[in-house]
Amino acid sequence: MRSWAPSLCFLSAFAAIPASAANFSESEIAFFADEVRPILAANCFECHGGERANGPRKFKSNFQVISRAGILTGGDHGSAFDANNPSQSFLLQKISYKDGDHQMPPSGKLSDKDIATLTKWAEMGMPWTPEDADVLFEIEDHAADTTEINETTLNFWSHKPMSRPAVPKVDNETWSQNPIDAFLFAKLDENGLAPNERADKRTLIRRAYYNLTGLPPTAAEVAAFEADDSPEAWNNLVEKLLASPHYGEKWARHWLDVVRYADSNGFERDGIKGYMWRYRDYVVNAFNDDMPFDRFIREQIAGDEMDGATLDQIVAAGYNRLMQWDDEPADPVQHYYDVLDDNLRTTSEGILAMTLGCARCHDHKIDPISQEDYFSFMSFFNGMEQMKRGRANTEKFRPAGVDEEFTNRIKEYEQQLRALRYKIYYAKRDLREALVAAHPDIADRISGKSAKYRKIVARADALRTAFWHYTTALPPEDWSAVSFRAEDKGWDYALGAFGVDHEDIKARTEWNSSDIWLQTIFQLSEVPKSARFQVKHDGYLEIYLNGKFVEERHTASDGYVAIPLDENKLRVLQTGRNVIAVHLKKSSERPFFDLGFEGANQPFLSLEEVIDLRGADGIDAELLSNYRQWTTELETLEANKPEDGIEVTTIQEKSHDVPMLKLHIRGNPHSEGDEEMKLRIPDIFGGEELEASPPDNGRVSTGRRTALAEWLARPDNPRTARVMVNRIWQHQFGRGICRTSNDFGYLGEMPTHPELLDWLAMEFVESGWSIKHIQRLIMTSKAWQMSSTAQPAALAQDPQNDLFWRFNMRRLTAEEIRDSVLSAAGELNLSEIGGPSTYPPLPEVVLKTASNKKWLTSSPEEANRRSIYITVKRSLKPPIFDTFDFADTDSSCPTRFTTTVPTQALNLINGEFFNEQAENLAKQSAEGAEGKPRRQIRQALEITLGRDAEREVIDACLTFYRKLKNDHGRTDEEAMRQVCLLIFNLNEFVYLD
């Protein structure tokens, strides 16, 4: 990056300044010298032209306050003195603090006395001491050679038209077979350096698997590759991995980082964007299919405007909905342009590596980008409909022929619905008559429907689970009474449910004893007219309500069982404090207990609730069986109503004809300029005006995004191909040929091998924009297959490895660590590609940190899918993501910086996820070990590291295992779990090379 120092020269008397200092009286000049200058000197001079003890003078906003001429001339915002209306002078506006955008001095508002003094001085015409009233310093525009379009900027490396450089001829046969090798070797040789030797085969297969699929190879795959001595072994491996469906899952994540993908809106509510996951799946499939990159761009920018737009193209245009969105902005107009700015920045940085967003309020300070360039580019996106709350942001996509098919299916569905409802209606009528006859005392409470219940005590599958006091020691006889205060008796306190995980319900608190006694309290402002327990349990159960016995069950429940309260039990409830007390005896080695309590303001009971309370005597058993079967069939049918299209989140526009934007003065949308912008590309790329017309496919849109997409994807665009091949290189070698992959401008870094970058860019375009073609070229190079071994001399000369004399080591990403742990534990679900985002369990302490705590719980099978399918909630991420440097989702993320911090070790050792999977690894490694700890440890190491375990490592783990047992009293299972946790903490597991 360049640096400049401004040169200053003194200018003599400044002509054409109105009301010269000579026109002021001695008393006015004295007022300035005694009262005003001290205020200016103390608060303004340092940043606006005064002498400084260290360094040159500063002229913020090109504004000089050290002379009257400087104030009248003004800076970036024009003159600071209004001769016609002195009290409204810009200088006084700034010090008033009335405008949030203009508050000077920034250190704090001046005193009322000082403001009054400066106001009086302005109304006097701003008198000044004659000897320095006209002093001005020339301010050299130190960035003029880069901010203007001139020979220098037009010949900057990333502005120049692309051309294919000649491949260097190198005097090394091995390093001349692949053009990549020739370019790198030539520069190494020029600097007196030699490339590293080839890495060993185990390192290469592990590196290849992670770089192309993000998954580890198995020990069997490593062994097979090491044993394959055929000349095509490496090429075959590369082709196999490029063809893997998991390739797209890995490489899609790199693009999702760039476009700041998330499933939620951000801001305080952080609501979920409905069906945003379809865009993620589109990207995965695009990489798997090796979609030409130019088409990939067109479909994301303007897929909805394409002729005969397909479902995939409509979904791809959801790119324009990935931004943060505030559903309750304080200034809706400002927020609308913030959204446009977000899309502009992501597109210009992600596709062009151009910091166009820096020109929102003024011309770019370093690059040749004007404010007009900025608003012309924003015009491509102008006209977007603002997002709304709820499902209003989605739409139904209807493929050709869907209308006729839907009409037939909906007719059939409605016929089935009517038939079932008819049968259920008459079955309910007959059942109710039978129940009324059998139980006349509650005839007025029997209804064909259930009351509307509200939660009073929450179950474990609710967002906020109930807390319980509990004990496993025999309590006193009054343990269930209202007056018994478990909290005062030393009982433990924890979240339900208790026991071990049961089906899809997570047990929050361990319970292994034969008996357990529990108590929880709740408050009522009024007694409900209907109430019921929802209980799921193992073994014998008895429930007390306010000290009164209300329920007893002798066998385990099959799922949650509803237990309604009759009138006598309802009378036990009271306003104020109420107590539920429970006693359980376990009947299996996997005990479980969870209870919820619900109340309703309606007094009636459903047919099923009456049967639960009073039994089914006097009811036709066949009729009851049919009723239950029909009810189940109705629920299934209603849950599978035919859809007349596919729900998607995509872009919508307001009109076919949206006015062109006007420049916003200082970036303020409430302060527009007069001149409309033209629909054009930035001047540094020629300033060509683009034609746009509404699409012919029937969608409401201006067609402007299509014009932009076509220009971005043109083969002669000087940035698009360069930027993408640089990203491919970055994710293969650990850093780009240009390290600043989102900034190819003057603030970015120069490429280390510009000729190689241009050669790859031209190869990319001429290959039909094939990403996999570039991948093959890179991975079959000698450079990619180098070892990462350090060479002392090379390290001394090139410590940053700018010349690529070795392969860069790297730590696994957050997703790779999680997926590798699940894979080693035998829990990773790779059964399908794509689908709705999942919700793995999160610790309660993590949920409490979010402003919006809505986090569903997926089934274990869904929760254990690859990390790319986890819901990305901007305000709430799994700890492993945050700890291990997951991408920033608020703006385009070109590079994930790898940190090494204590919280990573703490998470690996103490994290709930790692401990659970260590237990699973222990179970998996026990298979075939025949109860022998040494064999089990060896298998755990080989499963995790993908290689034969070394004897000394096995010995160390076995020593640790025995110490845990003998010195710390751990069981065999617990000791082995700790050993497996140790294996997950090995550097070899979380680092490549």
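Calculation notes
- Residues numbered from 1 in each chain as written.
- Predicted model: local features only at pLDDT ≥ 70, side-chain atom pairs only at ≥ 80, totals over all residues.
- Heavy atoms only, no water.
- Helix = DSSP H or I, 4+ residues; strand = E, 2+ residues; numbered from the N terminus.
- Buried < 20%, exposed > 50% of the residue type's maximum accessible area, 1.4 Å probe, protein only.
- Contact = heavy atoms within 4.5 Å.
- Areas by Shrake-Rupley, 256 points an atom, 1.4 Å probe, with all protein chains shown as cover.
- Lys, Arg positive; Asp, Glu negative; His and termini not counted.
- Charge placed at Lys NZ, Arg CZ, Asp CG, Glu CD.
- Pairing = 2+ DSSP bridges.
- Axes fitted to C-alpha atoms, helices over the stretch in contact; angles between N-to-C directions.
- Polar contact = N/O pair within 3.5 Å; in protein donor to acceptor, adjacent residues only side chain to side chain.
- Parallel < 35°, antiparallel > 145°, perpendicular 65-115°, else oblique.
- Left-handed = near helix turned anticlockwise from the far one by under 90°.
- Expected span 1.5 Å × (residues − 1).
- Arc of directions from axis to C-beta.
- Core = buried A, V, L, I, M, F, W, Y, C linked by side-chain atoms within 4.5 Å.
- Salt bridge = Lys/Arg side-chain N within 4 Å of Asp/Glu carboxyl O.
- Patch = residues over 30% accessible without salt bridge, like charges linked within 9 Å, V, L, I, M, F, W, Y side chains within 5 Å.
- Phe/Tyr/Trp six-rings, centres within 6.5 Å; stacked < 30°, edge-to-face > 60°.
- pLDDT = per-residue confidence, 0-100.
- Disulfide = S-S within 2.5 Å.

> Even after reading the chapter, I still don't get the overall build of the chain, so can you show me in this structure?
Summing up its helical and strand segments, the chain has 35 helices and 21 strands in all. For the chain, the spread of C-alpha atoms along the principal axes amounts to about 110 × 80 × 70 Å. Expressed as a percentage of the 993 residues in the chain, the buried residues total 53%. Of the contacts made within the chain by residues no fewer than 6 positions apart, 73% connect residues no fewer than 24 positions apart. A total of about 45200 Å² of accessible surface is found on the chain, and carbon and sulfur atoms cover 49% of it. Separation between the mean location of the 115 positive side-chain charges and that of the 155 negative ones in the chain comes to 4 Å.

> Honestly, the sheet that holds strand β11 (residues 540-545) in this entry has me stumped. Any pointers?
Whenever strands of a sheet pair, they do so through backbone hydrogen bonds, lying parallel or antiparallel. Spatially, β7-β6-β9-β14-β11-β12 is the arrangement adopted by the six strands of the open sheet, whose pairing is antiparallel. Edge positions in the open sheet fall to β7 (492-495) and β12 (548-553), since each of these has one partner strand only. Averaged over neighbouring strand pairs, the angle between their axes works out to 25° when direction is ignored.

> Quick question: what am I supposed to make of the side chain of H159 here?
Positionally, H159 belongs in the loop between α6 (151-154) and α7 (179-190). Separated by 3.2 Å, the side chains of H159 and R719 make a polar contact. Sequence-distant contacts of H159, defined by excluding residues within four places in its chain, comprise T153, L154, P368, I684, F685, P718 and R719.

> Help me out: how do you make sense of the packing of helix α11 (residues 245-258) against helix α12 (residues 277-288) in this one?
Packed helices, taken two at a time, are described by their axes: the angle between them and the distance between them. Packing of α11 against α12 brings their axes to within 7 Å, and their N-to-C directions diverge by 120°. Classified by the angle between their axes, α11 and α12 sit oblique to one another. Viewed along their axes, α11 and α12 form a crossing whose handedness is right-handed. Contacts between α11 and α12 involve P245, Y247, G248, E249, W251, A252, W255 and L256 from the first element and Y279, R280, V283, V284, F287 and N288 from the second.

> Explanation requested: the pairing of β11 in the structure shown.
Burial within β11 is extensive, with six of its six residues counted as buried. Burial along β11 is two-sided: Y540, E542 and Y544 and L541, I543 and L545, pointing in opposite directions, are all buried. Strand direction decides the pairing type here: β11 and β12, joined by five bridges, are antiparallel. Bridge pairing in β12 places L541 opposite R553. Hairpin geometry of β11 and β12 is characterised by an intervening segment of two residues between the two adjacent antiparallel strands and by a positive phi of about 55° at N546.

> What is the right way to look at helix α22 (residues 720-733) in this model?
One turn of an α-helix holds 3.6 residues; hence residues three or four places apart share an orientation. For α22, with 14 residues, the first-to-last C-alpha span of 20 Å sits near the 20 Å given by 1.5 Å per residue. A large share of α22 lies buried, amounting to 13 of its 14 residues. Directly after α22, the chain includes G734, whose backbone phi takes a positive value near 100°.

> Mind showing me how you'd approach helix α33 (residues 951-968) here?
In a regular helix each residue adds 1.5 Å, so 18 residues correspond to 26 Å; α33 covers 25 Å between its end C-alpha atoms and thus fits that length. For α33, the set of buried residues is I954, C957, L958, Y961 and L964. The arc that holds the buried residues of α33, viewed along the axis, is 115°, so those residues lie on one side. Looking at α33, the residues exposed on the side facing more than 90 degrees away from the buried face are R951, E952, T959, N966, D967 and H968. For α33, the secondary structure elements touched by its buried residues are α32 (933-945) and α34 (972-984). Positive backbone phi, approximately 70°, marks G969, located one or two places after α33.

> Can you help me understand the nonpolar core in this one?
Nonpolar side chains in soluble globular proteins generally cluster together in the buried interior. Ranked by internal contacts, the top residues of the largest apolar core, which has 161 residues, are W255, Y279, F287 and W729. Of the residues forming this core, the biggest block, eight residues, is contributed by helix α23 (residues 754-766). Each residue touching W729, except ones within four places of it in the same chain, is listed here: I180, L184, G734, R735, G736, I737, L756, L760, I778 and F804. With 31 residues, the next largest nonpolar core counts I456, L518, L570 and V572 among its residues.

> What exactly am I supposed to notice about the pattern of salt bridges here?
The final tally for this structure, using the stated rule, is 57 salt bridges. For the salt bridge of E395 with R699, the shortest nitrogen-to-oxygen distance reads 2.8 Å. One end of the pair, E395, is in strand β3 (residues 394-397); the other, R699, is in the loop between β19 (672-676) and α21 (704-712), with 304 residues separating them in the sequence. The residue R421 makes a salt bridge to E638 at a minimum N-O spacing of 3.0 Å. Taken together, the positions of R421 in helix α17 (residues 402-438) and E638 in helix α20 (residues 621-639) put the pair 217 residues apart, joining distant regions of the chain.

> Before we go on, may I ask you to explain the environment of S244 in this structure?
Relative to the helices and strands, S244 resides in the loop between α10 (233-243) and α11. On a C-alpha basis, the gap between S244 and N288 in space is 7.7 Å, while along the polypeptide they are 44 residues apart. The residues contacting S244, other than those within four sequence positions of it, are T213 and N288.

> Just checking my understanding: could you explain a negative patch on the surface for this structure?
Together, D363, E372, D674 and E675 make up a region of like negative charge exposed at the surface. Take E675: it is sitting in strand β19.

> Any chance you could explain unusual backbone geometry here in plain terms?
A cis amide bond links M104 to the next residue, P105, at an omega of -5°. By the element assignment, P105 lies in the loop between α3 (90-96) and α4 (112-123). Following G496, the chain continues to A497 via a peptide bond in cis, the omega torsion being 5°. Relative to the elements of secondary structure, A497 occurs in the loop between β7 and β8 (498-499).

> Help me understand the packing of aromatic side chains in this model?
This model, assessed by the stated rule, comprises 47 aromatic pairs. Seen from their ring centres, Y261 and Y279 are 6.4 Å apart, and the 20° between their planes marks the pair as stacked. Of this pair, Y261 sits in the loop between α11 and α12 while Y279 sits in helix α12, placing them 18 residues apart in sequence. With respect to class, Y261 is no different from Y279; both count as buried. For the ring pair Y425 and Y426, a centre distance of 5.0 Å and an interplane angle of 85° mean the geometry is edge-to-face.

> Looking at this model, I keep getting lost on a nonpolar patch on the surface. Mind explaining?
Residues Y422, Y425 and Y426 make up a contiguous nonpolar surface patch of roughly 360 Å² in combined accessible area. Relative to the helices and strands, Y422 is located in helix α17. Residue class for Y422 comes out exposed when judged on its relative accessible area of 53%.

> What should I look at first to understand the environment of R253 in this one?
Mapped onto the fold, R253 is located in helix α11. Taking the C-alpha atoms as reference points, R253 and L193, 60 residues apart in sequence, are found 35 Å from one another.

> Before we go on, may I ask you to explain the confidence of the model for the chain in this structure?
Low-pLDDT portions of the prediction should not be read for the details of their coordinates. Of all residues in the chain, 94% attain a pLDDT of 70 or more, and the chain-wide mean is 89. This stretch, residues 1-20, has a pLDDT under 50; its non-local contacts, to residues over four places away or in other chains, come to 38 contacts.

> Where do I start with the packing of helix α8 (residues 201-213) against α11 in this structure?
At their nearest, the axes of α8 and α11 sit 6 Å apart, and the two run at 70° to each other. By the angle between their axes, α8 is roughly perpendicular relative to α11. Only H246, Y247, K250 and W251 of α11 make contact with α8, whose side of the interface consists of Y210, N211, L212 and T213.

> Would you mind showing me how to read the side chain of N546 here?
Its location among the elements puts N546 in the loop between β11 and β12. For N546, a relative accessible area of 9% corresponds to the buried category. Here N578 takes part through its side chain, which lies 2.8 Å from a polar atom of the side chain of N546.

> Looking at this structure, how should I read the state of the cysteines?
One covalent bond between the sulfur atoms of two cysteine residues makes up a disulfide. This structure, assessed with the given rule, holds zero disulfides. In this structure C893 is not part of a disulfide, and its nearest cysteine sulfur, from C738, lies 16 Å away. The closest cysteine sulfur to the non-disulfide-bonded C980 is located on C957, 8.8 Å from its own sulfur. Residue classification places C980 among the buried positions, given a relative accessible area of 0%.

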